Amino acid sequence: MAEAEAIQLKEEGNQHFQLQDYKAATKSYSQALKLTKDKALLATLYRNRAACGLKTESYVQAASDASRAIDINSSDIKALYRRCQALEHLGKLDQAFKDVQRCATLEPQNQSFQETLRRLNASIQDKLRVQFSTDSRVQTMFEILLDRNSEADKLEKAANNLIVLGREEAGAERIFQNNGVALLMQLLDTKRPELMLAAVRTLSGVCSSHRARATAILHAVRIDRICSLMAVENEEMSLAVCNLLQAIIDALSGEDKQEPRGKEEALVLDSKKDLKQITNHLLDMLVSKKVSGQGRDQALNLLNKNVPRKDLAIHDNSRTIYVVDNGLRKILKVVGQVPDLPSCLPLTDNTRMLASILINKLYDDLRCDPERDHFRKICEEYITGTFDPQDMDKNVIAIQTVSGILQGPFDLGNQLLGLKGVMEMMVALCGSERETDQLVAVEALIHASTKLSRATFIITNGVSLLKEIYKTTKNEKIKIRALVGLCKLGSAGGTDYALRQFAEGSTEKLAKQCRKWLCNASIDTRTRKWAVEGLAYLTLDADVKDDFVQDIPALQAMFELAKTPDKTILYSVATTLVNCTNSYDVKEVIPELVQLAKFSKQHVPEEHPKDKKDFVDMRVKRLLKAGVTSALVCMVKADNAILTDQTKELLARVFLALCDNPKDRGTIVAQGGGKALIPLALEGTDVGKVKAAHALAKIAAVSNPDIAFPGERVYEVVRPLVSLLNTQRDGLQNYEALLGLTNLSGRSDKLRKKIVKEKALPDIENYMFENHDQLRQAATECMCNMVVNTEVQERFLADGNDRLKLVVLLCGEDDDKVQNAAAGALAMLTAAHKKLCFKMTEVTTQWLEILQRLCLHDRLSVQHRGLVIAYNLLAADAELAKKLVESELLEILTVVGKQEPDEKRAAVVQTARECLIKCMDYGFIKPVS
């Protein structure tokens, strides 16, 4: 029974394989392998599964399955050749050569084996040549770099060459094998910044995607030395060492997802101990006075990127638990730093925000209430332990810590505000004589007013407190912060015109003051940042945003701030722009429900007159004119944990709003907007990725892809566009994605292959059946471009599908544009394969009638395509040509061919005459003298 079932599963697998469903075929073969012990059948199943592995690019699995088949039968020529192909893709050319050599011995006449033998021999010779030349190049470079008397330009050239070499697999291996790590450590000892930088960057390349090399380098250079290099004041050096550590972490944790190579497959390296050691050193860096602000930022960036889970579906959050237990107090210490106090650690403008983001990510990564309670207790103990009635500095640090947590996890911040003495201390610090105390207290009040349950306390007590501070203080820094607190409380009604917190005109006055400070270049950047924070709240009011976009100096001052090294401003700028472009989500108002609410005397949200579309369009125009695109591009490039997924979503929303008018898209592309959208479409929240992909689709639909996405970037655009082809998305997103893919597929065959690889064809075919006219037209036009690709043609050639029938029937549609696209696709298909000419006559009985309609069409482009199809059928076969000549088509061709070929009709008339000449060649008709 089991043997019979195994044979049946094998046959099923073969059918799946013929239908190109390789996953299903693999599953069938795998099930059959469990049921049989027959050696011949086992060999066949392993061999077939290896073929599936080759098709799905699972080369390690393919090589393993082929080896198992060879173990059963050493002369299994198919298994030998499949293993050869898999090994070649894995870069094991010498082993692949041995396999194909054996194949050629068993079947000397097989041309395919002989060709592979020649190709592999040439590749091996090239590899050896490169290897020997690489060895000598590496040696020469190190000699130049370690020679104290080398000229400056020679040194620079050698350093750059070494970095480039380290990034190539062959070069990295040669550096590593030729005592390169020891020589690179000698470069680090020179204390010359340019040489140390070259050494660090080369080490990054050598570590990349190779666990064994990364482990060896980590142990040779030592983690304490790596961290001390990252702790330096030099920003470029600190960033380079951060990249080195990231490359080591990726290689050790397997994040780089590279196939194992060579001997590394035999190594089982336990990297948990090394990863834990790296984490401990990074946590120690956070509280060390010897570490620069840059170094602290890079340590926080690494912890942000590598500790929390990237996907909450993964169960294991042990890294987060470890950091909470061993490092949360250290992170809280960074959050609680007050720059004006003498005990403050070296910081940058971004340090505290990075620490707040890390606290937020760690808290979000906890799986259950006991874990969250433990986290909260550590925070409570730290804050209450810092309070000291005798030491005002400690109290300020405690409130600063609460302020930092309030920028992180929402509910945790709320709970900490309820701690005994926290609110009272904030109020007390507001009345302090010392500027530092007031600054910290006002900032804490601002962050506290986000927490809704506490905002009632703030509104009742805080507004009068903030107004008092605003009126009495002479200090601009405190005045701005107090104003932002008032802005925040004043925006509690959101976009609802009827729910204004302050008297008519007050909000506009606050905004005017914010804009004034924003434009004042004599105020320090940190303080001006708070003016943008205020506008982020106030621009929910339509009057405020309308005034703001008309104030070009204020807009440009905000854009300049967005480009500064202080990245804590990113979220405020993005929020302000979302408000100005109305790109936030708006709930659809159902008129019946509005009437019902009014009848029951419920509050109904009101839209401000200046939030209507024509006002929004005008604001978008002004933003573009002021240079918003270049600011957005600069913000997207921030390689920093402060550029959170939420901020990316806001930027994607703004880009989508800017791309709405096709006339503006050229400006956006010219300023680098197309390139900036790609990372937003690939990483971030689900909503953000969809918005960015939609903006990409709008640009791809109307722009020249070579200009909008230069170089290799154009291939990265395909996946986001394909992700929009989904019934979950709205009609416009699907339509514009199809237009974008149509434009891309018309550029090159490499792009068409990429579209096929991203599995877009089934979706494009589905939309060709769609009842919606525009979707059907866009999908048909896309398929018209795609049929040039040989893989797509093979799908039409395959038996058992209605693809060709659908295209033929679409040629008979009433919609001119659909007809034009379908006729173009059919013309190319019938020109490429004679088999499709015969198949066309079999798929539907209406084929001849449809062809005649095409050849008589009023639109010249459709008529021309119809005549090309007729010519392809005539040229394919004499019998088929006879069938056409016996129909009314001959009369149509004669009428068209006799017309005078003016400039517009030249191609049509010429094609009709070529059809008639073909008929004369067959002898079916004779020329009239």
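Bear in mind the structure is a predicted one, so any value in this text is a computation, not a measurement.

Observations regarding empty space enclosed by the protein
What the rule picks out here adds up to three cavities of 30 Å³ or more. Roughly 110 Å³ of internal volume is contained in the second largest cavity. Forming the walls of the second largest cavity are Ile-249, Leu-275, Ile-278, Thr-279, Leu-282, Leu-302, Leu-303, Asn-306, Val-307 and Arg-319. Listing elements by their share of the lining of the second largest cavity, those giving two or more residues are α15 (272-286) and α16 (293-306). By residue number, the principal contributor to the lining of the second largest cavity is α15, which donates four residues. Residues of the lining of the second largest cavity, tallied by class, amount to seven nonpolar, two polar and one charged.

Notes on the packing of aromatic side chains
Per the counting criterion, the structure on display carries four aromatic pairs. For the pair Tyr-363 and Phe-375, a centre-to-centre distance of 5.2 Å together with 65° between the ring planes defines the contact as edge-to-face. A residue pair is termed long-range when its members are at least 10 positions apart, and Tyr-363 in helix α18 (residues 351-364) and Phe-375 in helix α19 (residues 369-386) qualify at twelve residues. Like Tyr-363, the residue Phe-375 is buried in the burial classification.

Observations regarding the layout of surface pockets
Space inside the second largest pocket adds up to approximately 1,200 Å³. Lining the second largest pocket are 28 residues, with Gln-20, Tyr-22, Lys-55, Glu-791 and Arg-795 positioned closest to its centre. Of all the secondary-structure elements, those providing two or more residues to the lining of the second largest pocket are α1 (2-18), α2 (22-35), α3 (39-55), α41 (749-757), α42 (761-768) and α44 (790-797). Grouping the amino acids of the lining of the second largest pocket by side-chain chemistry returns six nonpolar, nine polar and 13 charged. Inspection of the lining of the second largest pocket shows a minimum of three residues originating in each of domain 1 (1-109) and domain 3 (627-788).

Some thoughts on the pattern of salt bridges
For the coordinates displayed, the defined rule picks out 41 salt bridges. Residue Arg-119 pairs with Glu-88 through a salt bridge whose shortest N-O separation is 2.8 Å. Of the two residues, Arg-119 sits in helix α7 (residues 111-146) while Glu-88 sits in helix α5 (residues 77-89), which places them 31 residues apart along the sequence. The exposure class assigned to Glu-88 is partly exposed, which follows from its relative accessible area of 24%. Glu-765 serves as the salt-bridge partner of Arg-803, at 2.6 Å between the closest nitrogen and oxygen. Of this pair, Arg-803 sits in helix α45 (residues 803-810) while Glu-765 sits in helix α42, and the two are 38 residues apart along the sequence. With relative accessibility at 23%, the residue Arg-803 sits in the partly exposed group. Each of the salt bridges in this network shares a partner with another, and the network as a whole consists of Lys-613, Asp-617, Asp-660, Lys-698 and Glu-736.

Topic: the domain arrangement of the chain
Domains assigned within the chain are domain 1 (1-109), domain 2 (493-625), domain 3 (627-788) and domain 4 (803-814 + 834-928). A separation of 38 Å is found between the C-alpha centroids of domain 3 and domain 4. Each partner contributes residues to the interface: domain 3 has six residues there, and domain 4 has six residues. Both sides together, the interface formed by domain 3 and domain 4 hides about 490 Å², and carbon and sulfur atoms give 65% of it. Its largest share of buried area at the contact with domain 4, domain 3 owes to Glu-765, Met-768 and Arg-776, together 67% of the area lost on that side. The tally of links between domain 3 and domain 4 comes to two residue pairs in polar contact (both at pLDDT 80 or more). Elements represented by at least two residues in the side of domain 3 that touches domain 4 include exactly α42 and α43 (773-786).

Some details on a positive patch on the surface
A contiguous patch of positive charge, built from Lys-305, Lys-310, Arg-319 and Lys-361, is present on the exposed surface. Its place among the elements puts Lys-361 in helix α18. Residue classification places Lys-361 among the partly exposed positions, given a relative accessible area of 32%.

Observations regarding the nonpolar core
One finds Phe-375 and Leu-518 to be the most contacted residues of the largest nonpolar core, which totals 263 residues. Among the elements that line this core, the one with the most residues is helix α14 (residues 235-253), at eleven residues. Not counting chain neighbours up to four residues away, the residues in contact with Leu-518 comprise Arg-528, Ala-531, Val-532, Leu-535, Phe-548, Ala-554, Ala-557, Met-558 and Leu-561. Counting 35 residues, the second-largest nonpolar core is a separate cluster that includes Leu-9, Tyr-29, Leu-45 and Ile-77.

Details of the confidence of the model for the chain
With 91% of its residues at a pLDDT of 70 or more, the chain shows a mean pLDDT of 85. Note that pLDDT drops below 50 for residues 259-268; the model gives that stretch 15 contacts with residues more than four away or on any other chain.

Examining the packing of helix α34 (residues 645-658) against helix α36 (residues 673-682)
Viewed as axis vectors pointing N to C, α34 and α36 meet at an angle of 140°, and their least axial separation amounts to 10 Å. Classed by the angle they form, the pair α34 and α36 counts as oblique. In the crossing of α34 with α36, the sense of the turn from one axis to the other is left-handed. Contacts from Lys-648, Leu-651, Ala-652 and Phe-655 of α34 reach α36 at Gly-673, Ala-676, Leu-677 and Leu-680. In the contact of α34 with α36, the residues fall into six nonpolar, one polar and one charged.

Topic: the environment of Ala-63
In this structure, Ala-63 sits in helix α4 (residues 59-72). A residue is classified by how much of its surface remains accessible, and Ala-63, at 10% relative accessible area, is buried. Those residues within four positions of Ala-63 in sequence are excluded, and the remaining contacts are Arg-83, Ala-86 and Leu-87.

Describing helix α22 (residues 422-430)
Turning to α22, its buried residues number three or more, namely Val-422, Met-423, Met-425, Met-426, Leu-429 and Cys-430. Buried residues along α22 cover an arc of 160° about the axis, so they all sit on one side.

Here is what the cut-offs are and how they apply
Residues numbered from 1 in each chain as written. Predicted model: local features only at pLDDT ≥ 70, side-chain atom pairs only at ≥ 80, totals over all residues. Heavy atoms only, no water. 1 Å grid on protein atoms, 1.4 Å probe; cavity = no way out; pocket = protein on both sides within 12 Å on 5 of 7 lines; lining within 4 Å. Points joined across faces, edges and corners; volume = space filled by probe spheres on them. Helix = DSSP H or I, 4+ residues; strand = E, 2+ residues; numbered from the N terminus. Nonpolar A, V, L, I, M, F, W, Y, C, P; charged D, E, K, R; others polar. Phe/Tyr/Trp six-rings, centres within 6.5 Å; stacked < 30°, edge-to-face > 60°. Buried < 20%, exposed > 50% of the residue type's maximum accessible area, 1.4 Å probe, protein only. Domains from an automatic or database assignment. Salt bridge = Lys/Arg side-chain N within 4 Å of Asp/Glu carboxyl O. Contact = heavy atoms within 4.5 Å. Buried area = accessible area lost by both parts, 1.4 Å probe. Polar contact = N/O pair within 3.5 Å; in protein donor to acceptor, adjacent residues only side chain to side chain. Patch = residues over 30% accessible without salt bridge, like charges linked within 9 Å, V, L, I, M, F, W, Y side chains within 5 Å. Areas by Shrake-Rupley, 256 points an atom, 1.4 Å probe, with all protein chains shown as cover. Lys, Arg positive; Asp, Glu negative; His and termini not counted. Charge placed at Lys NZ, Arg CZ, Asp CG, Glu CD. Core = buried A, V, L, I, M, F, W, Y, C linked by side-chain atoms within 4.5 Å. pLDDT = per-residue confidence, 0-100. Axes fitted to C-alpha atoms, helices over the stretch in contact; angles between N-to-C directions. Parallel < 35°, antiparallel > 145°, perpendicular 65-115°, else oblique. Left-handed = near helix turned anticlockwise from the far one by under 90°. Arc of directions from axis to C-beta.

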